[in-house]
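Here is how the chains run, residue by residue.
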Amino acid sequence: MPASSFTQSFVVEGMSCATCATRVEKALAAVPGVSSASINLATDTARVASGLAIPLATLQAALEKAGYALAMQEIDLAVAGMTCASCVGRVEKALLKVPGVLAAGVNLATESARVTVSGVEPSALAAAIDAAGYAASVPSQVSASAPPAASRDGLKVVLAGALALPLMLPMLLEWLGMHLMLPGALQFALAMPVQFYLGARFYKAGWKALKAGSGNMDLLVALGTSAAYGLSVYQWLTAGAMLPHLYFEASSVVITLVLLGKWLEARAKRQTAAAIRALQVLRPASARVRRDGQEHDVPIAQVRLGDLVVIRPGERIAVDGVVAEGASDVNESLITGESLPIAKHMGEQVTGGAINGDGLLLVKTTAVGLETTLSRIIRLVEDAQAAKAPIQHLVDKVSAIFVPVVLGLALLTLLGWWWANGELETAIINAVAVLVIACPCALGLATPTAIMAGTGVAARYGILIKDAEALEVAHAVTTVVFDKTGTLTVGKPSLAAIHAHGIDESRLLRLAAGIQSGSEHSLAKAVLEAAGARQLAPLAASGVSALPGRGLAAQVDGLALKLGSTRLMREEGVDLAPLQSQAQALEAAGNTISWLAQGTQLLGLFAFHDPVKPGAREAIAELHALGIATVMLTGDNQGSAQAVGKLLGIATVAANMLPADKTAKIMELKAAGARVAMVGDGINDAPALAAADVGIAMSTGTDVAMQAAGITLMRGDPALVADAIDISRRSYGKIRQNLFWAFIYNLIGIPLAAFGLLNPMVAGAAMAFSSVSVISNALLLRRWKARGAHAKDDEK
């Protein structure tokens, strides 16, 4: 079993800076059984990987010991189908197995469950109850809770500003040549509520950090403002007739500015998560299900596999499914990034969250709950946003020693100034400036906010980035390797020509159709369609076996046949000379050739034409414009491969490649110093996708390919490859910019404060707005548009 078979995500309360994130990470990583732990400060989310499932209560205890808390909520569910106490126990056990559930209580009398969770959605709980054999739904409730935290924080900022402004007023008037000093008692009265009521959060969080044997931003603010406040109280109480300058305004303004910065930061952080919220909004709350000839509106959690769901014109499609009746145009833009509606007819797939056009559809449900396309997309984006980019590990090392270093520098500043001029007042104020200029928050937010913004905007255009590592690696790609069929070509070949040798052409087609009658391969479908068009029934086949990368073998009408590639025929010793000239001409025209043989006796050939995808040539040109080399690998014949490569402008083409050959070629390119991205869509591409520095899978292909890839393209458009690399480059650029600004704030600000060139209020403002500037810079990524979107804008 892999070392990290289980992952759990939950929300942590009390983190305020990168130092907090590092401490929480260490505390979780120290729990026995945890193989890795990562923290996303932008979302306050922890992600823990382990070999075995670890009770959330154990992780909660580790958090509390470190001075933090697990963010919890209670979810009420209505449960149907329970008849006795054993049912209650079964439902409770099912709920407790869901990662993120802390406690579950089920009431048989009221047929309800109350579940205490952290970071778990009701749909996951409902799915667990459904799997246990019961039915669950979320009762509709109108929450009459207190105002949102953001509103309360905003009010606190306003109140702090109102109290601090009179304290600042004398300083402002001083610049105008007016000398005014408020009475000491009034300054004390204005500063005290700011310091101990509005600033209480800093004392609480700082104290928790101290108890855990560490420090954080809150501790720095609490120490710095307390020093300024304490000095002012001492000077006021010991003053004689002449009241000296007091520093109540410094402590109050610093707290006000930090509160303002945290409020703005919270607002900006919510914007970085806008992509996830936009996707979550697409989840319909209910569906109109046709059962026993009647239509019923039911909660989405009660829809079952196989249910027939009615989708009226203009409605959002409630489930993943197949059109059972009707036809309509469907807008999937918010899921795939495709701006134009797509025509859907009977037998075609539709995706939950898409918007139906003006036709009535009856859809047979094929996926529910966490298995729907939309849920999987949300999970992919959330996972990417929760993960750490490799560059973040350097930041973590800096953050781990940041607060102790700053405390040491503040102490040196205090002692140095006191020794230099003997004025304790000046020494304390400069030490305070050192404490409040320091900003570990910006360091902690620099990487995750850029990742969230980048992955979010990419998802809007149908580019799903699986993890932060893929985002970071993709920016440095120098070579993109493409599979041909289904990636650069449409993937729906048709039979272009057939040549028989020694047998009747109709019999040749019936033999080939017999071998392939049970195959889902695109070439098999083309043969079967051609046979059907000629009204030729496939001959019965037995003993059908796949020859990976080569073709098929079977017994048909008493004959031992093999159907497949030129490589297979040569391995079997089949003489291809009788049809070689026809094959060469067809290959030169870009066709794929398959041969049919009985033993070493050639029976005929089939030529398939698979058109190149619209825009594929432009997509390759875009990559070349980005300075990226392109390579095409295919299991197809050399002639067909060269023809497609020439048409698309790909100079390096390798044909007749088995899956192992593709992987070997990827490794060869990497050994030569190339940073390689592999683009594919089939099961046979999975090893190469995994071997590449970053794998890019077309969602039009198989789940195996998508699991092996770091990036998934939600529609089969090769142009998205250049877009994926472009957004990766821009996101990585934002990460570097953010880290530069985060470091520069501290590298310049701390020495200036230590040498007495910054007063505490300016230092506080710089610290408060450093985090805001980092997040705001990351949010600029939301303006990014895919190249296809630019093209469509130009056409308007």
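Predicted model, so just to flag it, every value in this text is computed and none were measured. (Residues numbered from 1 in each chain as written. Predicted model: local features only at pLDDT ≥ 70, side-chain atom pairs only at ≥ 80, totals over all residues. Heavy atoms only, no water.)

Novice: Would you mind going over the overall build of the protein with me for this structure?
Specialist: Scanning the protein from N- to C-terminus turns up 28 helices and 30 strands. Across the 796 residues that make up the protein, the buried fraction comes to 50%. Element-wise, carbon and sulfur atoms account for 60% of the exposed surface of the protein, whose accessible area totals about 34300 Å². (Helix = DSSP H or I, 4+ residues; strand = E, 2+ residues; numbered from the N terminus. Buried < 20%, exposed > 50% of the residue type's maximum accessible area, 1.4 Å probe, protein only. Areas by Shrake-Rupley, 256 points an atom, 1.4 Å probe, with all protein chains shown as cover.)

Novice: Would you explain the sheet that holds strand E12 (residues 320-325) in this entry?
Specialist: Remark on secondary structure: sheet strands pair via backbone hydrogen bonds, oriented parallel or antiparallel. The strand order across the open sheet built from 6 strands is E10-E9-E11-E17-E12-E15, with neighbouring strands paired in antiparallel fashion. Two strands close off the open sheet at either side, each with one partner strand: strand E10 (294-299) and strand E15 (349-350). Here E12 runs beside E15; their pairing, made up of 2 bridges, is antiparallel. Counted as the bridge partner of Val-322 is Gln-349 from E15. (Pairing = 2+ DSSP bridges.)

Novice: It is not clear to me how the sheet that holds strand E2 (residues 34-40) should be interpreted in this structure. Could you clarify?
Specialist: Pairing within the open sheet is antiparallel, and its 4 strands lie in the order E2-E3-E1-E4. Two strands bound the open sheet, and with one partner strand each, they are E2 and strand E4 (69-70). Sheet topology places E2 next to strand E3 (residues 45-50); 6 bridges connect them, and they run antiparallel. What sits directly across from Ser-38, in E3, is Arg-47.

Novice: Could you clarify how one ought to interpret helix H17 (residues 505-516) in this entry?
Specialist: Three or four residues apart is the spacing at which side chains of an α-helix point the same way, because the helix has 3.6 residues per turn. A rise of 1.5 Å per residue sets the reference length of H17, with its 12 residues, at 16 Å; its end C-alpha atoms lie 17 Å apart and thus fit the reference within 8%. Among the residues making up H17, those that are buried are Leu-508, Leu-509, Leu-511, Ala-512, Ala-513, Gly-514, Ile-515 and Gln-516. With a side-chain oxygen positioned 2.9 Å from the backbone nitrogen of Ser-506, the residue opening H17 is Asp-504. (Expected span 1.5 Å × (residues − 1). Polar contact = N/O pair within 3.5 Å; in protein donor to acceptor, adjacent residues only side chain to side chain.)

Novice: Sorry if this is basic, but what is going on with the nonpolar core here?
Specialist: When a protein is soluble and globular, its nonpolar side chains tend to lie buried together. Phe-10, Leu-28, Leu-59, Ile-463, Val-480, Ile-711 and Val-721 are the most contacted members of the largest nonpolar core, which has 139 residues in total. When residues of this core are assigned to their parent elements, the largest contribution, 12 residues, is made by helix H26 (residues 719-754). Two domains each donate at least three residues to this core, and these are domain 1 (6-70) and domain 4 (462-489 + 612-723). When neighbours within four sequence positions are excluded, Val-721 is seen to be in contact with Val-480, Phe-482, Leu-623, Val-679, Ile-696 and Leu-713. (Core = buried A, V, L, I, M, F, W, Y, C linked by side-chain atoms within 4.5 Å. Domains from an automatic or database assignment. Contact = heavy atoms within 4.5 Å.)

Novice: What am I meant to see in the side chain of Asp-320 here?
Specialist: Relative to the elements of secondary structure, Asp-320 occurs in strand E12. For Asp-320, a relative accessible area of 6% puts it in the buried group. Reaching out from Asp-320, the side chain makes a polar contact with the backbone nitrogen of Gly-352 at a distance of 2.8 Å. Discounting chain neighbours no more than four positions away, the residues touching Asp-320 are Val-350, Thr-351, Gly-352, Lys-364, Thr-365, Thr-366, Ala-367, Thr-372 and Thr-373.

Novice: So what exactly am I meant to see when it comes to the packing of aromatic side chains here?
Specialist: Between two aromatic rings, the relevant description is the distance of the centres plus the angle of the planes. Inspection of every chain in the model, using the stated rule, returns 8 aromatic pairs. With centroids separated by 5.1 Å and ring planes inclined at 90°, the aromatic side chains of Phe-196 and Tyr-229 adopt a geometry described as edge-to-face. Taken as a pair, Phe-196 in helix H6 (residues 184-198) and Tyr-229 in helix H8 (residues 217-238) lie far apart in primary sequence, 33 residues in all. Through pairs of rings, three or more aromatic residues link up here, namely Phe-188, Phe-196, Tyr-203, Tyr-229, Trp-236 and Phe-248. (Phe/Tyr/Trp six-rings, centres within 6.5 Å; stacked < 30°, edge-to-face > 60°.)

Novice: Would you explain the pattern of salt bridges in this entry?
Specialist: Where charged atoms of side chains with opposite charge meet at close range, the side chains can pair. Within the structure shown, the criterion is met by 17 salt bridges. Between Arg-114 and Asp-76 there is a salt bridge, with its nearest N and O atoms 2.7 Å apart. Here the residue Arg-114 occupies a position in strand E7 (residues 112-117), and Asp-76 occupies one in strand E5 (residues 73-80), the gap between them amounting to 38 residues. For Arg-114, a relative accessible area of 44% translates into the label partly exposed. A residue is classified by how much of its surface remains accessible, and Asp-76, at 23% relative accessible area, is partly exposed. In this structure, Asp-726 engages Arg-730 in a salt bridge whose closest nitrogen and oxygen atoms are separated by 3.1 Å. Taken together, the residues span about one helical turn, with Asp-726 and Arg-730 both in helix H26 at a distance of 4 residues. Given the relative accessible area of 45%, Arg-730 is considered partly exposed. The network of salt bridges with common partners includes Glu-74, Asp-76 and Arg-114. (Salt bridge = Lys/Arg side-chain N within 4 Å of Asp/Glu carboxyl O.)

Novice: Help me out: how do you make sense of the UniProt feature "transmembrane region" (unreviewed entry) in the protein in this one?
Specialist: Mapped onto this numbering, the UniProt entry gives "transmembrane region" (unreviewed entry) at residues 179-198, 219-237, 243-261, 398-420, 426-446, 739-758 and 764-781. Annotation note: span residues 243-261, helix share 74%, strand share 0%, distance between end C-alpha atoms 33 Å. Its end C-alpha atoms 28 Å apart, residues 764-781 is made of 89% helix and 0% strand. (UniProt positions renumbered as here; feature names shortened; annotations may be inferred.)

Novice: Just checking my understanding: could you explain unusual backbone geometry for this structure?
Specialist: Trans is the prevailing form of peptide bonds, just as negative phi is the prevailing case for residues other than glycine. Although it is not a glycine, Asp-557 sits at a positive phi angle of roughly 55°. Mapped onto the elements, Asp-557 comes out in the loop between strand E22 (551-556) and strand E23 (559-564). Overall, Asp-557 belongs to the partly exposed group, its relative accessible area being 45%.

Novice: I would appreciate a short explanation of the pairing of E10 in the present structure.
Specialist: For a regular strand, side chains alternate in direction, first toward one face of the sheet and then toward the other. As defined by bridge partners, strand E9 (residues 286-291) adjoins E10 across 6 bridges and the pair is classed as antiparallel. Following the sheet pairing, Arg-291 is matched in E10 by Gln-294. Between the end of E9 and the start of E10, which pair antiparallel, lie 2 residues, with Asp-292 showing a positive phi angle near 55°.

Novice: Explain helix H14 (residues 424-437) here, please?
Specialist: The end-to-end C-alpha separation of H14 is 20 Å, in line with the 20 Å expected for 14 residues at 1.5 Å each. In terms of residue burial, H14 counts as a mostly covered element, since 11 of its 14 residues are buried. Of all the residues in H14, the buried ones are Ala-427, Ile-428, Ile-429, Asn-430, Ala-431, Val-432, Ala-433, Val-434, Leu-435, Val-436 and Ile-437.

Novice: Quick question: what am I supposed to make of the pairing of strand E11 (residues 308-311) here?
Specialist: Looking at chain direction, E9 and E11 are connected through 2 bridges and run antiparallel. For Arg-290, the partnering residue across the bridge sits in E11 and is Leu-308. Judged from the 4 bridges that link them, E11 and strand E17 (residues 361-367) form a sheet pairing that is antiparallel. Residue pairing in the sheet places Leu-308 in a bridge with Lys-364 of E17.

Novice: Please explain the packing of H14 against H26 as it appears in this structure.
Specialist: Two quantities define a packed helix pair, namely the angle between the axes and the distance from one axis to the other. Put simply, H14 and H26 touch, their axes get as near as 8 Å, and they point 170° apart. Relative to H26, the element H14 lies roughly antiparallel. Helix-helix and strand crossings are classified by hand; for H14 and H26 the assignment is right-handed. Across the interface between the two elements, Asn-430, Ala-433, Val-434 and Ile-437 of H14 pack against Asn-746, Gly-749, Ile-750, Ala-753 and Ala-754 of H26. In the contact of H14 with H26, the residues fall into 6 nonpolar, 3 polar and no charged. (Axes fitted to C-alpha atoms, helices over the stretch in contact; angles between N-to-C directions. Parallel < 35°, antiparallel > 145°, perpendicular 65-115°, else oblique. Left-handed = near helix turned anticlockwise from the far one by under 90°. Nonpolar A, V, L, I, M, F, W, Y, C, P; charged D, E, K, R; others polar.)

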